[in-house]
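Structural overview
Residue-level listing of the chains:
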Amino acid sequence: MFYWLIELTNTFPSLGMFKAPLNVFRYITFRTGGAVVTGALFVFLFGPWIIDHLRLRQGKGQPIRTDGPQSHIVSKKGTPTMGGLMILSGLVVSTVLWANPLNPYVWIVLAVTLGFGFVGFYDDYLKVTKQSHSGFAGRARLALEGVIALVACYALVRLGHDATATSLAIPFFKEMVLNLGWFFVIFGAFVIVGAGNAVNLTDGLDGLAIVPVMIAAASFGLIAYLAGNLVFSDYLQIHYVAGTGELAVLCGAVLGAGLGFLWFNAPPASIFMGDTGSLALGGMLGSIAVAVKHEIVLAVIGGLFVLEAVSVIVQVVSFKLTGKRVFKMAPIHHHFEQLGWTEPQIVIRFWIISVMLALAGLATLKLR
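Residues numbered from 1 in each chain as written. Predicted model: local features only at pLDDT ≥ 70, side-chain atom pairs only at ≥ 80, totals over all residues. Heavy atoms only, no water.

**Overview of helix α6 (residues 104-130)**
- Helix length check: α6, at 27 residues, gives a terminal C-alpha distance of 39 Å against a target of 39 Å (1.5 Å per residue), a fit within 8%.
- By the N-cap criterion, in which a side-chain oxygen at the helix start approaches the backbone nitrogen of a residue two or three places on, α6 is capped by Asn-103, the distance to Tyr-105 being 2.9 Å. (Helix = DSSP H or I, 4+ residues; strand = E, 2+ residues; numbered from the N terminus. Expected span 1.5 Å × (residues − 1). Polar contact = N/O pair within 3.5 Å; in protein donor to acceptor, adjacent residues only side chain to side chain.)

**Some words on the layout of surface pockets**
- In this structure, the second largest pocket encloses a volume near 250 Å³.
- Lining the second largest pocket are 17 residues, with Tyr-105, Leu-159, Gly-160, His-161 and Val-241 positioned closest to its centre.
- Going through the elements one at a time, α7 (138-159) and α12 (274-291) are the ones with two or more residues in the lining of the second largest pocket.
- Here the lining of the second largest pocket takes three residues from α7, the largest share from any one element.
- Residues belonging to the lining of the second largest pocket are distributed by class as follows: 11 nonpolar, four polar and two charged. (1 Å grid on protein atoms, 1.4 Å probe; cavity = no way out; pocket = protein on both sides within 12 Å on 5 of 7 lines; lining within 4 Å. Points joined across faces, edges and corners; volume = space filled by probe spheres on them. Nonpolar A, V, L, I, M, F, W, Y, C, P; charged D, E, K, R; others polar.)

**Considering the environment of Ile-296**
- Locating Ile-296 in the fold gives a position in helix α13 (residues 295-301).
- When the C-alpha atoms of Ile-296 and Gly-361 are compared, they prove to be 9.2 Å apart, with 65 residues separating the residues in sequence.
- Those residues in contact with Ile-296, other than ones at most four positions away along the chain, are Leu-168, Ala-169, Ile-170 and Pro-171. (Contact = heavy atoms within 4.5 Å.)

**Looking at the pattern of salt bridges**
- Across all of its chains, the model carries eight salt bridges by this definition.
- The closest approach of N and O atoms between Glu-246 and Arg-31, which form a salt bridge, is 2.2 Å. Taken together, the positions of Glu-246 in the loop between α10 (230-236) and α11 (247-265) and Arg-31 in helix α3 (residues 28-58) put the pair 215 residues apart, joining distant regions of the chain.
- Classification of Glu-246 by relative accessible area gives buried; the value is 5%. (Salt bridge = Lys/Arg side-chain N within 4 Å of Asp/Glu carboxyl O. Buried < 20%, exposed > 50% of the residue type's maximum accessible area, 1.4 Å probe, protein only.)

**Details of helix α16 (residues 343-363)**
- With 21 residues, α16 should reach 30 Å at 1.5 Å per residue; the first-to-last C-alpha distance of 30 Å fits that figure.
- Residues of α16 that are buried: Glu-343, Ile-346, Val-347, Phe-350, Ser-354, Ala-358 and Gly-361. Down the axis of α16, the smallest arc covering the buried residues is 110°, so these residues share one side. Exposed positions of α16 whose direction lies more than 90 degrees from the buried face are Met-356 and Leu-359.
- For α16, the elements touching its buried residues are α9 (210-227), α13, α14 (303-322) and α15 (332-338). (Arc of directions from axis to C-beta.)

**Some points on the packing of α9 against α11**
- Remark: α9 packs on α11, axes separated minimally by 8 Å, with the N-to-C direction vectors making an angle of 165°. Overall, the two elements α9 and α11 adopt an arrangement that is roughly antiparallel. For α9 against α11, the interelement crossing comes out left-handed. Contacts between α9 and α11 involve Ile-210, Val-211, Val-213, Met-214, Ala-217, Phe-220, Gly-221, Ala-224 and Tyr-225 from the first element and Leu-247, Ala-248, Cys-251, Val-254, Leu-255, Gly-258, Leu-259, Phe-261, Leu-262 and Asn-265 from the second.
- Residues belonging to the contact of α9 with α11 are distributed by class as follows: 16 nonpolar, three polar and no charged. (Axes fitted to C-alpha atoms, helices over the stretch in contact; angles between N-to-C directions. Parallel < 35°, antiparallel > 145°, perpendicular 65-115°, else oblique. Left-handed = near helix turned anticlockwise from the far one by under 90°.)

Spatial relationships are all this shows, so hold off on functional conclusions.
Take a look at the structure:
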C-alpha cells in the first residue's frame, strides 16, 4: 500500500512537492524496517484479544501427547494452540502495507505460506475438536503440501529467464551449478515440504521454534536483498534473480510478527504456535530459499530444523529395523529433556546453535 504513494506522485504532477520525501518508500531496506515494526506492533496490540478468543473457543486447549515428557502433561495442559494465526495475520498485514504489490515473488511465497498455514490450521482444528494429538492423516497432509509446493515451484521456474531457473547452486563455488531441468520443480517442492515439516517437528518447547525461524528469516532477508541486486550479486558471485529483493520485506514482516509472538510464547507460554504457524513458516523459508537459489544454504542456516527432522527419521528407522531406539525420545529436544536438561536450557542452547549456523550459512556468500 505504501509503495503506491510513489506512483501517485508520478501520476498526479500536483503532488510533485511530496515526491522527494516519499522517495524513501522506493528503498527495500526502508520498507523492510517498516515491515518489522508493523508486524511486531500488530501482534502486540491484537495478540491478547486473539489469545482470549482462542482460549474461549478451544476450552481444554491443545491436547498434550501422553507418550511425551510427563512434565508437559501438567505444565502445558490447557494452553491454547493455533498461535500461528497471530503470526500470519501480522505477516499478511505488514506485507500488504510495505511490499511491492506488483512483485510476483511476494505473492508466490505468500501463497505457499498461507497454503501451508491452512493445512496446519486444519490439523490443529482436528486435534482440538477431537482432543487427540492425532490430527490430519499424514499421507493426505503431505500430499496437499506437495501439490501446493509443486505449483509454487512451477511458477518460480516460469519466472526465470535463463537456465539458472532450473539450476542448483553449490555453495563455496562460483560457477559450479547442476542444471536439473524440469526435475528442479520436484526438487524444489521437496525442499519446501521438508522445510515446513522440519520446523513443525522443532515446535515442541516454549519459544524453541520461533527464534530459529526469525534468525533464518533475517538471514534469508539479507540473502534475498543481495540476490535481487545486480551489483551485489555480481560482486559476491551469487545468482542474480531479478525481483527477489522484495522478499526481504516479507522476511522483515516475519521477523516483526515473530517478535510479537515471542512476547506471548516465552516460557511459560500463553499460547502455542501449533501446526498453523510452524508449517506456514517452514514453507515460507523453503519457498524463499528456492526463489533465491540458495536451497543448500537453507540446510545450513536451518540446520537445527534439519537436526530435529533427522532425529525423528533415525529413531523411526532404527526402531523398525532393530527394535531399539537411538534417542531416549524424539525429536531430539525431548532427548535432552530426558537427560535432565531444563526447558530453558534446551531452548536457549538451541537458539545459540541457530545463530552459529546462520553465521556459517551467511559465510558461504563470500567464500566462493
